[in-house]
Amino acid sequence: MTQIAILGFGNIGSGVAEMLTRNAAYIQEAAGDDIAVKYVLDKRDLTGSGYEDRAVKSMQEILCDPSVSIVCEMMGGTTPAFEYSLAALKAGKSVVTSNKAVVAKHGAELLQAAKENGVHYLYEASVGGGIPILHAFDDSLKGCRIDRIDGILNGTTNYILTRMHDCGSSFEDALDDAKRLGYAEADPTADVSGADTCRKICILAAVAWGKLVDSDTVYCEGITEMTDEHNAFAASCGGALKLVATAMQSNGAPSLSVSPCVVMSENPLASVKGVFNAVKVAAGDMGDLMFYGMGAGKFPTAGAVISDILAILRRGDETDSYRFFTNNTCELSAYGETKYAYCVKVKADRKTIDAMPFTYTLLKEENEDLYLLVEDMTKKELDALLCGMTVSMCMRAII
Ligand code: HSE
């Protein structure tokens, strides 16, 4: 019998407990063992939850119980989630988490602590909800060079943009729905500001390249300024408006960014709607791959937590280097100096544009406006070339 403790009995924590009960037979078969929830730590009163008999208020009680081998941290926020995770690892217990804030900030230190104590620190549920993207990165794609990652990594913002576009909902109404459906964070500022997406792309890049970038140093724009006009612009360019995180190697240094983008319709990310997330990976000789699934919500995320519990049981003492990374020590390539594609709406004549030193596709001509797809340019170069012209829209494009 494997005994686990759950830290945080909110949406995800209660989902893990419920799925362990509901799917006990499958899980027993897959794990070769029964998994039982021995403790639930939460500051709320759990009367009526069915887990009141296992409710504890002190982490010490869990740390001192040698029968607990896995701690599932689903608290949210970094304090005390980080301190509790570190203490659990030091006490020789593996930790599984859905907490992207902790992984993005303290992941390297926690992985080191896990290594030193011969246990696991796994975090599949911290990125992409139910999509098994980290398992794929560290198992199936282990032998590939990962060149570039583009992801729609936040269910709430993708849900909001989809509702605004498809149903004409207001930003506020769509956000209220996302909260009601359990997609948004307790404080949805992290969703709409892009901070949540930013943490997730840092985690993906860390698993891909072994170095964790400080998310505070990444260029990050959210969707708070997005209006119907941006949606209409994306449609006029032949694409869809999405919040996209990109990580790639540029000029020998990692380059990460998060911004609203026009995803051209040929790219499969353009058709990712609602709470769904997707990660498109350019994986060297293996070519392009796309991972797709529910990016938020109680059961998809709880399912990812359970998949990590099973990974721990499968791997046993084999704890070395699995999804391991250290802190990044090299400079990031600056956003303004990284080459991307851009969609631009500019008042200009064709002759002037033809004379510019860039490769472009004319997407549409309307009145005096040209809609251009400009490729392989830094934002600095593009701004310098279009300086003095009337540019009414300019957004990063994903081709
Ligand atoms: N608030 C997050 C989202 C939850 O909407 O994607 C899953 O990380």
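Only a predicted model underlies this, so the values are computations on that prediction, with no experimental measurement involved. (Residues numbered from 1 in each chain as written. Predicted model: local features only at pLDDT ≥ 70, side-chain atom pairs only at ≥ 80, totals over all residues. Heavy atoms only, no water.)

A. Seen up close, the pattern of salt bridges. Summed over the entire model, instances satisfying the criterion amount to 22 salt bridges. Across the pair E18 and R22 runs a salt bridge, and its minimum N-O distance is 3.8 Å. Taken together, the positions of E18 and R22, both in helix α1 (residues 11-22) and 4 residues apart, correspond to about one turn of that helix. A salt bridge links K200 to D196, with the nearest nitrogen and oxygen atoms 2.6 Å apart. Of this pair, K200 and D196 both sit in helix α10 (residues 195-209), separated by 4 residues, roughly a single helical turn. Accessibility classification places K200 together with D196 in one group, the buried group. Because the salt bridges share partners, they merge into one network encompassing K100, E185, D196 and K200. (Salt bridge = Lys/Arg side-chain N within 4 Å of Asp/Glu carboxyl O. Helix = DSSP H or I, 4+ residues; strand = E, 2+ residues; numbered from the N terminus. Buried < 20%, exposed > 50% of the residue type's maximum accessible area, 1.4 Å probe, protein only.)

B. Region of the structure containing helix α5 (residues 100-116). Between the first and last C-alpha of α5 there are 22 Å, a value that for 17 residues agrees with the 24 Å anticipated at 1.5 Å per step. A bend of about 80 degrees at H106 is the largest found in α5. Turning to α5, its buried residues number three or more, namely K100, A101, V102, V103, A104, H106, G107, A108, L110, L111, A113 and A114. Where α5 begins, the capping side chain belongs to N99, and its oxygen is found 3.2 Å from the backbone nitrogen of A101. In the segment just after α5, G118 is the residue with positive phi, at about 65 degrees. (Expected span 1.5 Å × (residues − 1). Bend = angle between axes of the 7 residues up to and from the residue. Polar contact = N/O pair within 3.5 Å; in protein donor to acceptor, adjacent residues only side chain to side chain.)

C. Quick peek at the site of the ligand. Residues in contact with the ligand, as listed here, are K100, N154, G155, T156, Y183, A184, E185, D191, D196, K200, G295 and A296. Within the contact set of the ligand, an oxygen atom lies 3.5 Å away from a side-chain nitrogen or oxygen of N154. A distance of 2.8 Å separates an oxygen atom of the ligand from a polar side-chain atom of K200. Counting residues per element, the ones that place at least two in the shell around the ligand are α7 (155-167) and α10. For the shell around the ligand, the class distribution of residues is 3 nonpolar, 4 polar and 5 charged. (Near = heavy atom within 4 Å. Nonpolar A, V, L, I, M, F, W, Y, C, P; charged D, E, K, R; others polar.)

D. Inspection of α7 at higher detail. The terminal C-alpha atoms of α7, which comprises 13 residues, lie 17 Å apart, in line with the 18 Å expected from a rise of 1.5 Å per residue. Residues of α7 that are buried include every one of G155, T156, T157, N158, Y159, I160, L161, T162 and M164, and no others. Where α7 is buried, its residues contact β7 (148-152), α8 (171-180), α9 (189-192), α11 (228-236), β10 (239-250) and β12 (276-282). Here α7 starts with a cap whose side-chain oxygen sits 3.1 Å from the backbone nitrogen of T156, and that cap is N154. (Contact = heavy atoms within 4.5 Å.)

E. Just the packing of helix α4 (residues 81-90) against α5, in detail. Between α4 and α5, whose axes approach to 10 Å, the crossing angle comes to 15 degrees. If you check the angle between α4 and α5, you find them roughly parallel. In the crossing of α4 with α5, the sense of the turn from one axis to the other is right-handed. Taking contact as the criterion, the partners of A81, F82, S85, L86 and L89 in α4 are, on α5, V102, H106, E109, L110, A113 and A114. Considering only residue class, the contact of α4 with α5 consists of 8 nonpolar, 2 polar and 1 charged. (Axes fitted to C-alpha atoms, helices over the stretch in contact; angles between N-to-C directions. Parallel < 35°, antiparallel > 145°, perpendicular 65-115°, else oblique. Left-handed = near helix turned anticlockwise from the far one by under 90°.)

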